[in-house]
Amino acid sequence: MADDGHNKNGGLRSGDPGAAFQGRIGRTFADSTPWWPAPARPREGSPNVVIFFVDDLGFSDFGAFGAEIETPNIDRLAAGGVRFSNYTTVPMCTPARAALLTGKNPHSVGCGWITHADPGYPGYGGEISPDAPTFAELLREGGYSTMAIGKWHNTKEHNAGAAGDKSSWPVQRGFDRFYGFIASETSFFHPDCLYEGSQTVDIDTYPDDYFATDDWTDRAIRWTKEHLGAGPLKPFLLYLAFNAPHAPIQAKPADILKYRSRYDAGWDVLREQRWKKQVRLGVLPENTRLPPRNPGIPAWADLPADKQALFARHMEVYAALIDNLDQNIGRYVDFLEQSGTLENTLIILTSDNGATAAGGDNGTVNGWNARLGGDDSESKLRELLETGGFGGPETYATYPRGWGQVSNTPFRYFKRTPVNGGIRVPFIAHWPRAIKAQGGVQRQWIHVTDVMPTLLELTGIGYPGQFRGYSTRPLDGISFAGALMDPAAPGKRTRQHYELDGNRGYIKDGWKIVSLQPPGKKIAIENWMLFNLEDDPTEIENLAEKLPEKLKDMVSSFDEEAFRNHVYPIDNRGYEKSLTVPPHRQAVINAPHVFYQGGQTAERASVFQLFNDRSFRITARFSFCSGDRGVIYSIGSIFGGLLMYVMNDAMAFVYQRWPIPLELPPVSLAEGTQEILLEYRALGKRQGSGRLLLNGREIIPETPMSPTMVRLPSEGIDIGIDRRQPASKRYAEFGAFRYTNDIAWVRLEPGPQAPGTISNMSEVQAQKLAVEQAS
């Protein structure tokens, strides 16, 4: 039974070591009797638990679910376990992870959207509420070792830094050990700040052959080895949250080469091939129809040859990234088998949500630029394609949405919607000791919240009525332990609501309603579609007009659950809602910040608002002697930012604009103390300019520096060093390029916001503006 922090009478338990003592205490051992409290242990035979949680992967992207991508290790898990082909999740990262971890509907625990926004309503705070224990917290108190590796996306952005509130970090939410990153995404070749436990990992540069998916798996194997050596009788929980195949879609050259030319036939042919394979494998019923292409996606045959060639390369990289994921899952499973641990280990493999349409019509090699309305550089594209750099560390790619539709075969639409393309993903369970009907496909409907109660049932750990001083609410999930053991067991789930970005969905008794709200438009609250999933699992025929009473009943049921779970008010704003701030953050984002040499990187998510489409001043005070060299400060990365360094007895300044940086003329330095000021003015419409002063004297006149920075694409703020990926090729050969003398401080003073910008606007004002614009 999980420790809920209370005694049976509802009062707080005593921490006095003598209060519960059941022995006898005399003056000596001779007249005393010792007693030991029984340590927490799970039920005899409880399995180790390994959850492979992948990112933005579509229903058809594994071989066992229809793909042509080579996934032999994942297919081996499917052949030795069971595939649930009617599993649903939540259509985006943070909410799906909250639902998995807690067994609760995500809005009900404050995680209705990702961690980039806080609109001031109960369902959308961004962090898991303290009354909802995670499965890690309950399994740890039930006697398990608990480990989390990879992506953690359940901490508010501004808390992912040195001064942030760490109560929502992995170690504080039940994991004994954590190694990974705290954000939505990161480079596979040069990840942003990595953390071990709650401390930043001290990394200046990554090895040339570094790849994040490999690193996560290396750590998982190492920690599992350490656990087995130290506690062979104690079960473990491993939550391995791979960020693959989420953007940036990057892969190793050898893996990319393996898929060269495999996608030249185009997305229409590949989609049909996957659909037919799914029916042949039994993943889909024989009567499943393949819907027409999603709106706006052209026929492959209608594309010009140059676009076909480029788009095929995008999918080659995506396939390579999944191939590498499979290799690493295989490495970990091989170790479990070699160590004799696999037999009693329950492995669950699934995705947080369906595949994405974020790459738009054409895909992009710089997703950050594309999010803010920019286009790819044609010359840079040619260079990447000709030199083999496509999909490498100088790209931040996302594939065209035509390929996202292939990933989601046979379903319509994408991540961020409650249409099946956003919520239907693969689900594989593997447990040799207990799953007897191996290799089968089961069609009982299970949902992401059902994982937690299933784990509790299988381990004999109860769900507490109170936890660490909070009254808990009942689980929303329903255990599918019976279906796991018996393919003939009836499904227990009959209904579930969904919401993301104002898009709503509801399934009840085989019927489904969906309401899609275009970003930034006036919300059409009664805009609903109705589908009969029994006859039409791919949601082709909208029956809303034919069956108005059924629609009315379904909408009423949705609203009842939505209000109870904090889903309302819905918010269909687009990317801009990640740029505004709650009122209590206004003071800190407008206050001067001073950064010092010798500290770790200031996490980008905790500092980007200091220069978010606004004017600012950066002053660096440092000592210089002839021959000194190195980075004074580096803000951002090659994909966007600014930096100052010293080389050849001169100061150099770069305003990083991917792919062609603005490099100002070097300025010679005299020995002594230097104080260099950048005065930057944000002029509106993403235009800006800046000038540089050395010891009060202008050395670089007002110079256009556009576009203004809006969020930092990656990295953060480094002082006296440029960690991880060098932000300028001018000094890349020197690695992190530490400054060889002292830097007293670098002071960043935020100034006025650009005219007309929404960046850093108070969320109160932003919501009023959204209402006005939509009316």
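Look up a bit, the structure's there.
Student: Please explain the packing of aromatic side chains as it appears in this structure.
Tutor: The relation between two aromatic rings is expressed through the spacing of the ring centres and the mutual angle of the planes. Under the counting rule described, the total for this entry stands at 38 aromatic pairs. For the ring pair F84 and F427, a centre distance of 5.9 Å and an interplane angle of 80° mean the geometry is edge-to-face. With F84 in strand β2 (residues 82-84) and F427 in strand β10 (residues 427-430), the pair connects residues that are 343 residues apart, well separated along the chain. Take F84 and F427: they sit in the same class, and that class is buried. Taken together, the ring pairs connect F53, F135, W152, F175 and Y239 into an aromatic cluster. Against the face of W169 rests K166, its NZ or CZ located 4.9 Å from the ring centre. The ring of Y179 has R219 sitting right over it, with the charged end atom 3.9 Å from the ring centre.

Student: How do you make sense of the sheet that holds strand β4 (residues 145-152) when you look at a structure like this?
Tutor: Strands belonging to one sheet form pairs held by backbone hydrogen bonds; the direction of such a pair is parallel or antiparallel. Strand order in the open sheet formed by 10 strands is β7-β6-β5-β4-β8-β1-β9-β10-β2-β11, and the pairing between neighbours is mixed. Strands with a single pairing partner mark the edges of an open sheet, and in this sheet they are β7 (199-200) and β11 (440-442). Here helix α7 (residues 305-338) sits on the sheet and contacts β1 (48-54), β8 (236-241) and β9 (345-351); the angle it forms with β1, its principal contact strand, is near 175°.

Student: Could you clarify how one ought to interpret the pairing of β8 in this entry?
Tutor: Each regular strand carries side chains that alternate between the two faces of the sheet. Across the 6 residues of β8, 6 count as buried, placing the element largely inside the fold. The alternating pattern of β8 places F236, L238 and L240 on one face and L237, Y239 and A241 on the opposite face, and all of these are buried. Alignment of β1 against β8, held across 5 bridges, turns out to be parallel. Bridging from a neighbouring strand, F52 pairs with L240 of β8. Pairing analysis gives 6 bridges linking β4 to β8, with the strands arranged parallel. If you follow M147 over to β8, its bridge partner there is L238.

Student: When you look at helix α6 (residues 267-281) in this model, what are you seeing that I'm missing?
Tutor: In this model α6 runs 21 Å from its N-terminal to its C-terminal C-alpha over 15 residues, within 8% of the 21 Å that 1.5 Å per residue would give. Taken together, the buried positions of α6 are W267, L270, R271, R274 and Q278. One side of α6 holds all its buried residues, which, seen down the axis, span an arc of 100°. Of the surrounding elements, those touching the buried residues of α6 are α7 and α10 (401-407). Looking one or two places after α6, you find G282, whose phi comes out positive at around 85°.

Student: Where do I start with empty space enclosed by the protein in this structure?
Tutor: Where empty space is left can be seen by rolling a probe of water-molecule size over the atoms. Enumeration according to the criterion identifies 4 cavities of 30 Å³ or more in this entry. The volume enclosed by the largest cavity comes to roughly 160 Å³. H116, E157, H158, P582 and Q609 are, among the 15 residues lining the largest cavity, the residues nearest its centre.

Student: What is the right way to look at the environment of L303 in this model?
Tutor: Structurally, L303 is set in the loop between α6 and α7. In this structure the C-alpha to C-alpha distance between L303 and G266, which are 37 residues apart in sequence, comes to 9.8 Å. Those residues within four positions of L303 in sequence are excluded, and the remaining contacts are W267, P298, Q308 and F311.

Student: Please clarify how the sheet that holds strand β15 (residues 495-500) should be interpreted in this entry.
Tutor: With antiparallel pairing, 4 strands are arranged side by side in an open sheet as β15-β16-β17-β18. If you trace the sheet from one side to the other, it starts and ends with β15 and β18 (529-532), each paired once. Ignoring which end each strand starts from, the neighbouring axes of this sheet average 15° apart. In the sheet, strand β17 (residues 511-515) pairs with β18 via 4 bridges, with the strands oriented antiparallel. Across the sheet, I513 pairs through a bridge with L530, a residue of β18. Taken strand by strand, helix α14 (residues 548-564) contacts β15, β16 (503-508), β17 and β18, and its axis lies near 110° from that of β16.

Student: Looking at this model, I keep getting lost on the packing of helix α4 (residues 212-230) against α7. Mind explaining?
Tutor: Two measures define how a pair of helices packs: the angle their axes make with one another and the distance between the axes. The contact between α4 and α7 brings their axes to 9 Å, and the two run at 10°. The angle between α4 and α7 places the two elements in the roughly parallel class. Residue-level contacts link T213, D214, T217, D218, A220, I221, T224, K225 and L228 of α4 to N324, L325, N328, R331, Y332, F335 and L336 of α7.

Student: For this particular structure, what's the right way to read the pattern of salt bridges?
Tutor: Two side chains with opposite charge may pair up if their charged atoms get near one another. The final tally for this structure, using the stated rule, is 55 salt bridges. The salt bridge involving D323 is made with K258; its shortest N-O contact spans 2.8 Å. On the criterion of sequence distance, the pair formed by D323 in helix α7 and K258 in helix α5 (residues 253-258) is long-range, its members being 65 residues apart. The buried category is assigned to D323, whose relative accessible area is 2%. Linking E763 and R573 is a salt bridge whose minimum nitrogen-to-oxygen distance equals 2.4 Å. With E763 in helix α17 (residues 763-774) and R573 in the loop between α14 and α15 (586-589), this residue pair connects regions lying 190 residues apart in the sequence. The two residues E763 and R573 agree in class, both being buried. What you see here is one network of salt bridges that share partners, running through R617, E679, R691, E698, R747 and E749.

Student: What's the story with the pairing of strand β30 (residues 743-753) in this structure? I'm lost.
Tutor: Two elements, strand β19 (residues 593-595) and β30, share 3 bridges in a ladder whose sense is antiparallel. Bridge pairing in β30 links V594 to R747. In the sheet, strand β20 (residues 614-624) pairs with β30 via 8 bridges, with the strands oriented antiparallel. From the neighbouring strand, T619 faces β30, where its bridge partner is R747.

Student: Please clarify how the environment of R401 should be interpreted in this entry.
Tutor: Checked against the element boundaries, R401 lands in helix α10. Remark: the alpha-carbon pair of R401 and N362, spanning 39 residues in sequence, is separated by 7.7 Å. Polar side-chain contacts of R401 include one of 3.4 Å to the backbone oxygen of G296. Polar contacts involving the side chain of R401 include one to the side chain of D361, which spans 2.8 Å.

Student: Hey, could you run me through the side chain of S168 in this one?
Tutor: Checked against the element boundaries, S168 lands in the loop between β4 and β5 (177-182). For S168, a relative accessible area of 4% corresponds to the buried category. A distance of 3.0 Å separates polar atoms of two side chains, one belonging to S168 and the other to E127. If sequence neighbours within four positions are ignored, S168 has contacts with E127, W152, N154, T155 and R173.

Student: Explanation requested: the environment of G359 in the structure shown.
Tutor: Position of G359 relative to the elements: it lies in the loop between β9 and α8 (367-371). With relative accessibility at 10%, the residue G359 sits in the buried group. Considering only alpha carbons, one finds G359 and D722, 363 residues apart in sequence, at a separation of 29 Å. Ignoring anything within four residues of it in the chain, the contact list for G359 reads T364, T398 and Y399.

Student: I would appreciate a short explanation of unusual backbone geometry in the present structure.
Tutor: Here the amide bond leading from A244 into P245 is cis, since omega sits at 0°, within 30 degrees of zero. Its place among the elements puts P245 in the loop between β8 and α5. For the bond running from Y568 to P569, omega is 0°, close enough to zero to count as cis. Tracing the chain through its elements places P569 in the loop between α14 and α15. Phi angles above zero are rare outside glycine, and H566 is one such case at about 65°. Within the element layout of this structure, H566 appears in the loop between α14 and α15. Residue H566 is classed as partly exposed on the basis of its relative accessible area, which comes to 29%. Although it is not a glycine, N760 adopts a positive phi angle of roughly 65°. Following the sequence through the fold, N760 ends up in the loop between β30 and α17.

Conventions used here
- Residue positions are given per chain, counting from 1 as you read along its sequence in written order.
- At least 70 in pLDDT is required for a residue's local features to be given in this predicted model, at least 80 for side-chain atom pairs to be given and counted, and no such filter applies to totals for whole chains, interfaces and linings, which use all residues.
- In computing side-chain properties, one takes all heavy atoms of the structure into account and sets aside hydrogens as well as water.
- Between 30 and 60 degrees the pair is tilted, below 30 it is stacked and above 60 it is edge-to-face, where a pair is any two Phe, Tyr or Trp rings, Trp via its six-membered ring, whose centres lie within 6.5 Å.
- A run of H or I in DSSP counts as a helix once it spans at least four residues, and a run of E counts as a strand once it spans at least two, with each numbered from the N terminus.
- Exposed residues in this analysis have more than 50% of their type's maximum accessible area, buried residues have under 20%, and partly exposed residues fall in between, with area computed by a 1.4 Å probe over protein chains only.
- Criterion for a charge above a ring: Lys NZ or Arg CZ within 6 Å of the ring centre, and within 35 degrees of the ring normal.
- Two strands qualify as a pair provided DSSP detects at least 2 bridges between them.
- In what follows, residue pairs with any heavy atoms lying within 4.5 Å of each other are defined as contacts.
- A fitted line through C-alpha atoms represents every axis, and for helices the fit uses only the stretch in contact; the resulting angles, taken between N-to-C directions, go from 0 to 180 degrees.
- Every helix has an expected span of 1.5 Å times one less than the residues it contains.
- Here, the arc refers to the directions that run from the helix axis to the C-beta atoms.
- Cavities and pockets were defined on a 1 Å grid built from protein atoms only: a cavity is a group of points that admits a 1.4 Å probe but offers it no way out, a pocket is an open group of points flanked by protein on both sides within 12 Å along at least five of seven lines, and a lining residue is one with an atom within 4 Å of any such point.
- Grid points are joined across faces, edges and corners, and a volume is the space filled by probe spheres set on the points.
- With respect to orientation, any angle under 35 degrees is reported as roughly parallel, any angle over 145 as roughly antiparallel, any angle of 65 to 115 as roughly perpendicular, and every other angle as oblique.
- By definition here, a salt bridge exists when the distance from a side-chain nitrogen of Lys or Arg to a carboxyl oxygen of Asp or Glu is within 4 Å.
- Here a polar contact is taken to be a pair of N or O atoms separated by no more than 3.5 Å, where protein atoms must pair a possible hydrogen donor with a possible acceptor and residues adjacent in sequence count only if both atoms sit in side chains.

Everything listed here is a matter of geometry and, on its own, says nothing about what the molecule does.
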